[in-house]
Amino acid sequence: MKLNIENTTIKLPGLKREYHFYHITDAHITHAGAQDSEAERILMEKDIEKYTTTPGLTLPGEAWDMLMEQIKDDPATDALLITGDMFNFFNLSTHRMIRDMFKTCPVEILYTPGNHEFCNPVDVAYTPELQALVRPTDPALDIHVMYHKFYDEFMGGDADFWVRDYGDFLIVGINNEDHDITPSQMDRLKEQASRNLPILLMMHVGVRSDSYIEVIKANWQGLNMYFLFENNDSPMNKAFSDFIRSPESNVAAVIAGHVHAAHAGEYAPGKMQYIAAPLYEKYVRKITVTPC
Ligand SMILES: [Fe+2]
């Protein structure tokens with residue numbers, strides 16, 4: 001068993017050296033211990049059964065361990081990029097396990113959340129019987145607020161927006177897991193773009209392009225808008241979408257996940273979008289950023 005590593009080169013102007021990244025997405029890890037509910041343990045067992053009995057899949061933890069060996073053997077690696085859905089659903093046991101997994105990574109992790117980071121077991125509809133077992137939802141509790149603090153520590157202090165400054169280019173992480181860009185995210189992106197450094201933009205949900213739409217259709221029985229960032233016409237989303245396409249934005253490429261298939265294609269003239277397949281398919285994209 002070995003990782004399925006796809007090599008990608010991104011050329012950026014003004015770089016003083018080459019940079020090397022690994023990109024993974026959609027590990028969909030579930031963990032439940034004795035202290036968790038029966039329903040959470042059942043969900044974990046169902047996930048493990050899926051990963052161990054479906055041809056081509058592997059346990060995400062095993063793929064993670066293989067990736068850690070790969071990175072240890074590749075000392076030029078600058079960082080590991082994770083574009084969300086590390087969790088299959090949120091509970092404290094999974095959070096603790098993923099925090100321990102991150103401690104085994106020999107390089108910095110740059111992580112932006114997906115929709116499953118903000119799922120609780122109730123949202124995972126396996127069977128009505130299972131749902132009845134899971135802890136009740138209180139409509140007054142906003143999961144996005146409740147869970148946020150658990151992710152901030154992994155994501156530069158703010159899961160909604162962070163910047164990693166390499167001096168000659170920036171990697172910016174934006175939380176678009178619920179598909180809506182906030183005015184604050186938009187302002188902060190514009191502020192970074194005004195620095196006139198190339199930007200690699202990490203998000204969970206990919207942006208519209210003809211070639212990406214074909215990937216959605218091929219993998220999700222038609223054009224399921226859930227897999228497109230531009231799935232609504234909100235003025236802020238339109239402004240964001242226009243901005244990352246404009247030459248003035250300095251956004252050179254989008255790095256994303258969510259659709260559970262690998263894709264590389266232009267989303268605007270001269271601007272590429274790179275989407276990774278799930279880690280549980282042992283897919284890893286190795287990105288070399290070179291000067292042009
Ligand atoms: Fe997702």
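Every value quoted in this text rests on a predicted model; they were computed, and no experiment measured them. (Residues numbered from 1 in each chain as written. Predicted model: local features only at pLDDT ≥ 70, side-chain atom pairs only at ≥ 80, totals over all residues. Heavy atoms only, no water.)

The next thing to look at is the coordination of the iron ion. On the protein side, the iron ion has Asp85 (OD), Asn115 (OD1), His204 (NE2) and His258 (ND1) as donor atoms, found 2.2 to 2.3 Å from it. For the iron ion, the 4 donor atoms in the first shell make angles of 83 to 165° at the metal, so the coordination geometry reads as irregular. Considered as a linear motif, the donors of the iron ion on their single chain read D-x29-N-x88-H-x53-H. Here Asp85 is found in the loop between strand E3 (79-82) and helix H3 (92-103), whereas its partner His204 is found in the loop between strand E7 (199-202) and helix H7 (210-219), with 119 residues between them in sequence. Residue Asp85 is classed as buried on the basis of its relative accessible area of 2%. (Donors = N, O, S within 2.8 Å, 3.2 Å for Na, K, Ca; no water. Tetrahedral: all angles 85-135°; square planar, octahedral: opposite > 155°, others 65-115°. Helix = DSSP H or I, 4+ residues; strand = E, 2+ residues; numbered from the N terminus. Buried < 20%, exposed > 50% of the residue type's maximum accessible area, 1.4 Å probe, protein only.)

Applying the stated criterion across every chain, the model contains 11 salt bridges. Put simply, Lys72 and Glu69 hold a salt bridge, and the shortest N to O gap is 3.6 Å. One end of the pair, Lys72, and the other, Glu69, are both in helix H2 (residues 60-72), 3 residues apart, so they sit about a helical turn from each other. Lys72 gets classed as partly exposed once you look at its relative accessible area, which sits at 47%. Relative accessible area serves as the criterion here: at 45%, Glu69 is assigned to the partly exposed category. Glu230 is paired through a salt bridge with Arg245; the nearest N and O atoms lie 3.2 Å apart. (Salt bridge = Lys/Arg side-chain N within 4 Å of Asp/Glu carboxyl O.)

Quick look at the sheet that holds strand E8 (residues 251-256) now. The strand order across the open sheet formed by 6 strands is E5-E6-E7-E8-E10-E9, and the pairing between neighbours is mixed. Each end of this open sheet is capped by a strand with a single partner; those strands are strand E5 (161-165) and strand E9 (263-268). Within the sheet, the average angular offset between the axes of one strand and its neighbour, ignoring direction, is 20°. Lying over the sheet, helix H6 (residues 183-193) contacts E5, strand E6 (170-174) and E7, oriented at roughly 15° with respect to E5. The strands that helix H8 (residues 235-245) touches are E6, E7, E8, E9 and strand E10 (271-275); relative to E9, the one it contacts most, it runs at about 100°. (Pairing = 2+ DSSP bridges. Axes fitted to C-alpha atoms, helices over the stretch in contact; angles between N-to-C directions. Contact = heavy atoms within 4.5 Å.)

What follows is about the nonpolar core. Counting 51 residues, the largest nonpolar core has Phe21, Trp64, Leu80, Met86, Tyr111, Tyr151 and Ile171 as its most contacted members. When residues no more than four places from it in sequence are discounted, the contact partners of Leu80 are Tyr22, Ile24, Trp64, Leu67, Met68, Ile71, Cys105, Val107, Glu108, Ile109 and Leu110. Grouped together as the second largest cluster of nonpolar side chains are 32 residues, Met203, Val251, Val254 and Tyr267 included. (Core = buried A, V, L, I, M, F, W, Y, C linked by side-chain atoms within 4.5 Å.)

Phi at Asp26 takes a positive value of approximately 50°, unusual for a residue other than glycine. You can call Asp26 buried: its relative accessible area is 0%.

Let's shift gears to the environment of Thr94. Checked against the element boundaries, Thr94 lands in helix H3. Relative accessible area serves as the criterion here: at 0%, Thr94 is assigned to the buried category. Other than its neighbours up to four places away in sequence, Thr94 contacts Ile29, Thr30, His31, Phe87 and Phe89.

With that settled, consider the side chain of Asp78. Locating Asp78 in the fold gives a position in the loop between H2 and E3. A distance of 2.9 Å separates the side chain of Asp78 from the side chain of Arg17, its partner in a polar contact. (Polar contact = N/O pair within 3.5 Å; in protein donor to acceptor, adjacent residues only side chain to side chain.)

Here we come to the sheet that holds strand E1 (residues 4-12). Strand order in the open sheet made by the 5 strands is E1-E11-E2-E3-E4, with mixed pairing throughout. The strands lining the two open edges of the sheet, one partner per strand, are E1 and strand E4 (108-111). For this sheet the average axis-to-axis angle between neighbouring strands, irrespective of direction, equals 25°. Judged from the 9 bridges that link them, E1 and strand E11 (residues 283-291) form a sheet pairing that is parallel. Looking across to E11, one finds that Ile5 is bridged to Val284.

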